[in-house]
Amino acid sequence: MAVRTRFAPSPTGYLHIGGVRTALFNWLFARKHGGQFILRIDDTDAGRNVESALAPILHGLTWLGIDWDEGPDATGTPNGYFQSQRLEQYQKAVRKLLASGHAYRDYAKTEELQAEREAAEKAKETFVYSRTWMAETDADAARFEAEGRAKVVRLKMPREGKLVLQDHIRGQVEFEWANEQDHVIQRADGTCLYHLANVVDDFDFQISHVIRAEEHLSNTPRQVFILEALGYPRPEYAHLPFVAEPGSKNKLSKRKLDKYLKNKDFAQVNEHGRKIAEAMHLEVAAETFNPVIVDFYEQVGYLPDAIINYLVLLGWSLDDKTETFTRQEMIEHFSLERVNKAPASFDPKKLMSVQDRYMQQLPPKQKVAMVLPYLQRAGLATDPPPCTIGPVLMQIVTAAGDRIKTAGDILDYADFFTADDQLTYDEAAFDKRIRQAPEAKTLLSGFRDALKNVEPFTADVLEKTLHDFIAKEGIAANQIVHALRIAVTGKAVGFGLFDILAILGRERALARLEGALLH
RNA sequence: GGCCCUAUCGUCUAGCGGUUAGGACACCGGCCUUUCACGCCGGCAACACGGGUUCGAUUCCCGUUGGGGUCACCA
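Residues numbered from 1 in each chain as written. Chains lettered and ligands numbered in written order. Predicted model: local features only at pLDDT ≥ 70, side-chain atom pairs only at ≥ 80, totals over all residues. Heavy atoms only, no water.

Peer 1: Any details on the overall build of chain A? Residues and values, ideally.
Peer 2: Scanning chain A for helices and strands turns up 20 helices and twelve strands. The C-alpha radius of gyration computed for chain A amounts to 31 Å, which surpasses the reference 24 Å derived for 519 residues by more than 25%, pointing to a less compact arrangement than a globule. When the 519 residues of chain A are sorted by exposure, 51% land in the buried category. Taking the intrachain contacts of chain A between residues at least 6 apart in sequence as the baseline, contacts between residues at least 24 apart amount to 71%. Positive and negative side-chain charges in chain A, numbering 64 and 73 respectively, have mean positions lying 2 Å apart. (Helix = DSSP H or I, 4+ residues; strand = E, 2+ residues; numbered from the N terminus. Rg over C-alpha atoms; globule rule 2.2 N^0.38 Å. Buried < 20%, exposed > 50% of the residue type's maximum accessible area, 1.4 Å probe, protein only. Contact = heavy atoms within 4.5 Å. Lys, Arg positive; Asp, Glu negative; His and termini not counted. Charge placed at Lys NZ, Arg CZ, Asp CG, Glu CD.)

Peer 1: Go over the side chain of D201, please, and point to the residues and values.
Peer 2: Inspection of the secondary structure assignment puts D201 in helix 6 (residues 194-204). Classification of D201 as buried rests on a relative accessible area of 0%.

Peer 1: Residue-level account of the protein's contact with RNA strand B, with values.
Peer 2: Of all residues adjacent to RNA strand B, which total 60 residues, the nearest are R187, F242, D402, R403 and G494. Here RNA strand B approaches the protein such that, of its atoms within 4 Å, sugar and phosphate make up 75%. A188 has a polar backbone atom sitting 3.1 Å from a base oxygen of RNA strand B. Counting residues per element, the ones that place at least two in the surface near RNA strand B are strand 7 (171-176), helix 6, strand 12 (344-345), helix 13 (348-361), helix 19 (478-489) and helix 20 (497-518). (Near = heavy atom within 4 Å. Polar contact = N/O pair within 3.5 Å; in protein donor to acceptor, adjacent residues only side chain to side chain.)

Peer 1: Quick rundown of the sheet that holds strand 4 (residues 134-135)? Include the residues and the values.
Peer 2: Read across the sheet, four strands follow the order 4-3-5-8 without closing on themselves; strand pairing throughout is antiparallel. Looking at which strands have only one partner, the edges of the open sheet turn out to be strand 4 and strand 8 (184-186). Direction of pairing for strand 3 (residues 103-106) relative to strand 5 (residues 152-155): antiparallel, over a ladder of four bridges. The partner of Y104 across the bridge, within strand 5, is R154. (Pairing = 2+ DSSP bridges.)

Peer 1: Quick rundown of helix 3 (residues 87-99)? Include the residues and the values.
Peer 2: Given a rise of 1.5 Å per residue, 13 residues ought to cover 18 Å, and the 19 Å separating the end C-alpha atoms of helix 3 matches this to within 8%. Restricting attention to buried positions, one finds in helix 3 the residues Y90, A93, V94 and L97. End-on view of helix 3: buried residues confined to an arc of 100°, all on one side of the axis. In this structure, the buried side of helix 3 is in contact with strand 3, strand 5, strand 8, helix 6 and helix 7 (220-229). Two residues or fewer past helix 3, G101 is found with a positive phi of approximately 80°. (Expected span 1.5 Å × (residues − 1). Arc of directions from axis to C-beta.)

Peer 1: So, the packing of helix 18 (residues 459-473) against helix 20: which residues are in play, and what are the values?
Peer 2: Between helix 18 and helix 20, the shortest axis-to-axis distance is 8 Å and the interhelical angle comes to 120°. One finds that helix 18 runs oblique with respect to helix 20. In this structure, helix 18 crosses over helix 20, and the sense of that crossing is right-handed. Every residue of helix 20 that contacts helix 18 at A459, L462, E463 and L466 is listed here: F498, D499, L501 and A502. The residue makeup of the contact of helix 18 with helix 20, split by class, is six nonpolar, no polar and two charged. (Axes fitted to C-alpha atoms, helices over the stretch in contact; angles between N-to-C directions. Parallel < 35°, antiparallel > 145°, perpendicular 65-115°, else oblique. Left-handed = near helix turned anticlockwise from the far one by under 90°. Nonpolar A, V, L, I, M, F, W, Y, C, P; charged D, E, K, R; others polar.)

Peer 1: I'd like a rundown of the nonpolar core, residues and numbers included.
Peer 2: In terms of nonpolar packing, the biggest core is built from 127 residues, with I66 and F346 touching the most fellow members. Here this core gets twelve residues from one element, more than from any other, and that element is helix 20. Contact partners of F346, with chain neighbours within four places excluded, come to I17, V243, A244, E245, P246, L252, F266, P291, Y297, Y310, L314 and L351. With 33 residues, the next largest nonpolar core counts Y90, A93, V224 and A229 among its residues. (Core = buried A, V, L, I, M, F, W, Y, C linked by side-chain atoms within 4.5 Å.)

Peer 1: Lay out the pattern of salt bridges in plain terms, naming residues and giving numbers.
Peer 2: For the coordinates displayed, the defined rule picks out 42 salt bridges. Where D138 meets R105, a salt bridge forms, and the shortest distance between an N and an O atom there is 3.0 Å. Placement of the pair is D138 in helix 5 (residues 138-146) and R105 in strand 3, with a sequence separation of 33 residues. R105 gets classed as buried once you look at its relative accessible area, which sits at 18%. The salt bridge involving R149 is made with E147; its shortest N-O contact spans 2.8 Å. On the accessibility criterion, R149 (12% relative accessible area) is buried. A network of salt bridges, in which partner residues are shared, links R6, R40, D42, R86, D201, D202 and D204. (Salt bridge = Lys/Arg side-chain N within 4 Å of Asp/Glu carboxyl O.)

Peer 1: Please set out unusual backbone geometry residue by residue, giving values where relevant.
Peer 2: With an omega dihedral of 0°, the bond running from D383 to P384 counts as a cis peptide bond. Cis peptide bonds are those with omega within 30 degrees of zero, and the linkage from E455 to P456 qualifies with -10°. Inspection of the secondary structure assignment puts P456 in the loop between helix 17 (440-451) and helix 18. Even without a glycine there, the phi angle at K124 is positive, about 55°. With respect to the helices and strands, the residue K124 is situated in the loop between helix 4 (110-122) and strand 4.

Peer 1: Lay out the packing of helix 18 against helix 19 in plain terms, naming residues and giving numbers.
Peer 2: At their nearest, the axes of helix 18 and helix 19 sit 10 Å apart, and the two run at 135° to each other. The angle between helix 18 and helix 19 places the two elements in the oblique class. In this structure, helix 18 meets helix 19 at a crossing whose hand is right-handed. Contact with helix 18, carried on its side by L466, F469 and I470, involves I480, V481 and L484 of helix 19 and no other residues of that element.

Peer 1: Describe the pairing of strand 2 (residues 36-39), listing the residues and the values that go with them.
Peer 2: In the case of a regular strand, side chains alternate between the two sheet surfaces. Pairing geometry for strand 1 (residues 4-7) and strand 2, over four bridges, is parallel. Directly across from R6, in strand 2, lies its bridge partner I38.

Peer 1: Outline the environment of Q186, supporting the account with residue identities and numerical values.
Peer 2: Mapped onto the secondary structure, Q186 falls in strand 8. Look at Q186 and you get buried, because its relative accessible area is 11%. Taking C-alpha positions, Q186 is 51 Å from Y374, a pair spaced 188 residues apart along the chain. Within the structure, Q186 has its side chain in polar contact with the side chain of Q91 (distance 2.6 Å). Polar side-chain contacts of Q186 include one of 3.2 Å to the backbone oxygen of G190.

Peer 1: Tell me about the packing of aromatic side chains, and name the residues and values.
Peer 2: Here the structure, examined in full by the defined rule, presents 16 aromatic pairs. Relative to Y232, the ring of F203 lies with its centre 3.8 Å away and its plane at 5°, an arrangement referred to as stacked. In this pair, F203 sits in helix 6 while Y232 sits in the loop between helix 7 and strand 10 (236-240), placing the two residues 29 residues apart along the sequence. Arranged with centres 5.8 Å apart and planes meeting at 5°, the rings of F416 and F495 form a pair that is stacked. With a gap of 79 residues between them, F416 in the loop between helix 15 (389-400) and helix 16 (427-435) and F495 in the loop between helix 19 and helix 20 connect regions that are remote in the sequence. Aromatic ring contacts, followed pair by pair, group F25, W316, F325 and F334 into a single cluster. Over the face of the ring belonging to F144 we find R143, whose NZ or CZ atom lies 4.8 Å from the ring centre. Here the guanidinium or amino end of R154 rests over the ring plane of Y129, the centre of that ring lying 5.4 Å away. (Phe/Tyr/Trp six-rings, centres within 6.5 Å; stacked < 30°, edge-to-face > 60°. Lys NZ or Arg CZ within 6 Å of the ring centre and 35° of its normal.)

Pasting the structure below:
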């Protein structure tokens, strides 16, 4: 049997990290078995802004390299893979269910139903609808309608026996039919509900394996009832544990950002990204720009491979050792049987460390290409870029080494791209290392003079120059090194001092020293 | 509350009857070093509890407790 899996997001306007994990597992499973991965849009009641609300989702999946074999195109133009376009199929299914007696017209009023519910609760019994307003014949229906009642269509669920489900992750799970309600499948206004639509779609698209979040496990009985009543084959099921909040077992939700920001690690990763976004003058609303949303990572300059690698480990593992996987390796090794049953909490710090590993592997040339747009967006480089920028960027990226953990980190070195007389200083550091350090200014000015004759102006020679200077002055390296760094970069931290000077070149280095002496 | 799922270091996890319970992230020391980052070395740290089954349970079974999900004319 051909393997066909699906991811069925509703157009919410953003791609959530938990959703990606679900999509990823579906994608992996399909790829592993040479099957198809289908993207279907659950927009049964979304309405107007579907296209714009869908764009970030399609874009996010594409960015992450989760490609779909069937579904909307990249622009999200509605086609057959939108529930809103398939209403006729759902109506047909309802008619069939009605005809076979698996569903009935119900004329109960909300208050009447509510009363029954409350009575059951009072008596501490499980609520079971009395079916008082059930119309199984046209005569009944006519009578209720004469009373001015509105109708919905309900499932006529079995009231005895049980459903035995084989789940690829949970194993055997059983449900008593008696605990199931006569769920509504068609509203009074004639539109259909999710579970019905879902089952019809899964059948029409020939989905072989339903791989979805655990929250749907309890919904499965009604879906199985519907599909069996319709004569459809039962797909295979795999209910994934959900992705939980950092440091807790609650389901991750984009609505509880305030709470996550109290988590130190989450706050730190968030802050890092926010700083970069601000440097690029990005307008970011906290609700859509934070580590729960995929877009955050793209904006900040993470690598899609790193995110995918982190995510595949969230609920799945190969063994006790392997942590790094190429896509091919993931596809080759993935199996539902090795998916964990318990929820896994999202750990942004660990994601960061995976990102760090991937970044370290990246050749400098690629880092340069990755980093350039960030300078442009921050207004530090023109577009198209000046042809001189390539070599400079290569020098910076090489000198910065592992310090550039995301592409946006290039902005830590923005001072290379600002005019020498526009340099801003970390004032606290400037105070400590220059204003209040004895002799600092004298030493800086002495070293400035020494720089005038350095030839060639390279890191090696500069290092030797400094050592000679230190020896001549009879001082410790500490007395000048920190002052020098602040004088030429404005900052107390950064990569190798001699690399900095060499990249700046003699003229700019001298200008900056001059500037610092006057500051 | 009913039903369902679930339970190994703070976090992600390995383990599928006998292990000094392993790895990774984080954390804490130390080394390297002009700062920061990287790297290296070392350290702290877990089988929720109670019954069974068994020669022997982290592992199998049953309870308890904890956590979560679900019970809509939402998806």
